[in-house]
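Below, each chain spelled out in residue letters.
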Amino acid sequence: MTEVKKNIIVRYVQEKDRDDWVRLWKKFIATYEDPKLPDGIEKANFDRFIDPEVKMWSALAFLRDEITGIEKAIGFTDFFTHPSTWQIQDKTYLNDLFVDDEFRVGGVGRKLIEFVYSEADKMGTPAVYWNTDHFNHRAQLLYTKVASLTHKRIYKRDGY
Ligand SMILES: CC(C)(COP(=O)(O)OP(=O)(O)OC[C@H]1O[C@@H](n2cnc3c(N)ncnc32)[C@H](O)[C@@H]1OP(=O)(O)O)[C@@H](O)C(=O)NCCC(=O)NCCS
């Protein structure tokens, strides 16, 4: 696992990363039982990530082979900023986080969250937050180390 930590690079996606992001996104979505996503969501998401007019971004984590220099995409995080009536600065919502199975518990998830923290600081939107399923214990092993659990519950309009 220490080896994994050493060779991880996290950076914003570029057009050339589309296939890698879609490959990992499909694996991420497969971890949900019945996600009910619209057709074309992958393209719509990626188009928004690379559109400078849209405040929604994605970063990929790459494992770099020290000998060949080849980088393999092994995880990603998607996030966006939005205004809030409770503060002057926008907030940052961390929408998605995923690390490919065989590279887990090697510090990659933490690096992805730290990337979002660092970019949010640079943008002047340091209030980063997210949610997770209450039964996602694995993710929470990481979250309790980098953030605090709130007392909020999430409600949503029926049918949406
Ligand atoms: C959640 C997820 C992104 C975590 O990624 P990861 O790369 O394994 O996380 P990290 O290795 O950075 O962090 C794991 C931390 O939690 C701890 N941890 C994680 N799993 C653990 C386990 N099974 N046993 C003990 N500790 C564990 C580690 O000690 C580590 O802490 P450290 O950084 O102080 O060493 C990954 O498991 C994943 O992609 N899961 C499927 C998708 C998912 O659930 N996404 C989140 C949706 S909200």
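Residues numbered from 1 in each chain as written. Predicted model: local features only at pLDDT ≥ 70, side-chain atom pairs only at ≥ 80, totals over all residues. Heavy atoms only, no water.

Student: Would you take a moment to explain helix H2 (residues 18-29) for this structure?
Tutor: Because the α-helix completes a turn every 3.6 residues, residues three or four places apart line up on one side. The terminal C-alpha atoms of H2, which comprises 12 residues, lie 16 Å apart, in line with the 16 Å expected from a rise of 1.5 Å per residue. Along H2, the residues classified as buried are Arg18, Trp21, Val22, Leu24, Trp25, Phe28 and Ile29. Looking at the packing, one finds that the buried side of H2 touches helix H3 (41-50), strand S2 (56-64), strand S3 (71-84) and strand S4 (87-99). (Helix = DSSP H or I, 4+ residues; strand = E, 2+ residues; numbered from the N terminus. Expected span 1.5 Å × (residues − 1). Buried < 20%, exposed > 50% of the residue type's maximum accessible area, 1.4 Å probe, protein only. Contact = heavy atoms within 4.5 Å.)

Student: Quick question: what am I supposed to make of the layout of surface pockets here?
Tutor: Empty space within the largest pocket amounts to approximately 1,800 Å³. Around the largest pocket sit 50 residues that line it, and Phe28, Tyr32, Thr132, Asn136 and Tyr143 are the ones nearest its centre. At the level of elements, H2, H3, S3, S4, helix H4 (108-123) and helix H5 (137-146) are the ones that each hand at least two residues to the lining of the largest pocket. Looking at the lining of the largest pocket, the element that brings in the most residues is S4, giving 7 residues. (1 Å grid on protein atoms, 1.4 Å probe; cavity = no way out; pocket = protein on both sides within 12 Å on 5 of 7 lines; lining within 4 Å. Points joined across faces, edges and corners; volume = space filled by probe spheres on them.)

Student: Got a minute to help me understand the site of the ligand in this structure?
Tutor: Around the ligand, a shell composed of 21 residues is seen, among which Val99, Val105, Gly107, Arg110 and Asn136 lie nearest. A distance of 2.8 Å is found between an oxygen atom of the ligand and a backbone nitrogen or oxygen belonging to arginine 110. One nitrogen or oxygen atom from the side chain of lysine 145 is found 3.0 Å from an oxygen atom belonging to the ligand. Expressed as a share of its isolated accessible area of 950 Å², the protein-covered part of the ligand is 79%. Comparing atom positions with the cavity grids shows the ligand to sit within the largest pocket. Only S4, H4 and H5 provide two or more residues apiece to the shell around the ligand. (Near = heavy atom within 4 Å. Polar contact = N/O pair within 3.5 Å; in protein donor to acceptor, adjacent residues only side chain to side chain. Areas by Shrake-Rupley, 256 points an atom, 1.4 Å probe, with all protein chains shown as cover. Sits in = over half its atoms within 2 Å of the grid points.)

Student: So what exactly am I meant to see when it comes to the packing of H4 against H5 here?
Tutor: Helix-helix packing is characterised by the crossing angle of the two axes and by the distance between the axes. One can describe the packing of H4 onto H5 by two numbers: an axis separation of 10 Å at closest approach and a directional angle of 45 degrees. For the element pair H4 / H5, the angle class is oblique. Every pair of crossing elements has a handedness; the one defined by H4 and H5 is right-handed. Between H4 and H5, the residues in contact are Gly109, Arg110, Ile113 and Tyr117 and Leu142, Tyr143, Lys145 and Val146, respectively. Here the contact of H4 with H5 is composed, by residue class, of 5 nonpolar, 1 polar and 2 charged. (Axes fitted to C-alpha atoms, helices over the stretch in contact; angles between N-to-C directions. Parallel < 35°, antiparallel > 145°, perpendicular 65-115°, else oblique. Left-handed = near helix turned anticlockwise from the far one by under 90°. Nonpolar A, V, L, I, M, F, W, Y, C, P; charged D, E, K, R; others polar.)

Student: What's the story with the UniProt feature "domain: N-acetyltransferase" (unreviewed entry) in the chain in this structure? I'm lost.
Tutor: Look at the UniProt record and you will see "domain: N-acetyltransferase" (unreviewed entry) annotated at residues 8-160. Between the end C-alpha atoms of residues 8-160 the distance is 37 Å, and the span holds 31% helix and 28% strand. (UniProt positions renumbered as here; feature names shortened; annotations may be inferred.)

Student: Any chance you could explain the sheet that holds S4 here in plain terms?
Tutor: Hydrogen bonds between backbone atoms are what pair the strands of a sheet, whose relative direction is either parallel or antiparallel. Pairing in this open sheet of 5 strands is mixed, and the strands run S1-S2-S3-S4-S5 from one edge to the other. If you trace the sheet from one side to the other, it starts and ends with strand S1 (8-12) and strand S5 (128-129), each paired once. Examined bridge by bridge, S1 and S2 share 5 bridges and lie antiparallel to one another. Paired with tyrosine 12 across the strands is alanine 59, a residue of S2. (Pairing = 2+ DSSP bridges.)

Student: Any chance you could explain the packing of aromatic side chains here in plain terms?
Tutor: Each aromatic ring pair is described using two quantities: the centre-to-centre distance and the angle formed by the ring planes. The tally for this structure, following the rule as stated, stands at 18 aromatic pairs. With a centroid separation of 6.0 Å and 55 degrees between ring planes, the pair formed by tryptophan 21 and phenylalanine 46 is classed as tilted. Taken as a pair, tryptophan 21 in helix H2 and phenylalanine 46 in helix H3 lie far apart in primary sequence, 25 residues in all. Here tryptophan 21 and phenylalanine 46 have matching classes, each one buried. On the basis of an interplanar angle of 35 degrees and a centroid distance of 5.6 Å, the ring pair of tryptophan 57 and phenylalanine 79 is categorised as tilted. With tryptophan 57 in strand S2 and phenylalanine 79 in strand S3, this pair connects stretches of sequence that are 22 residues apart. Above the ring of tyrosine 129, the side-chain terminus of lysine 91 is found at 5.0 Å from the ring centroid. (Phe/Tyr/Trp six-rings, centres within 6.5 Å; stacked < 30°, edge-to-face > 60°. Lys NZ or Arg CZ within 6 Å of the ring centre and 35° of its normal.)

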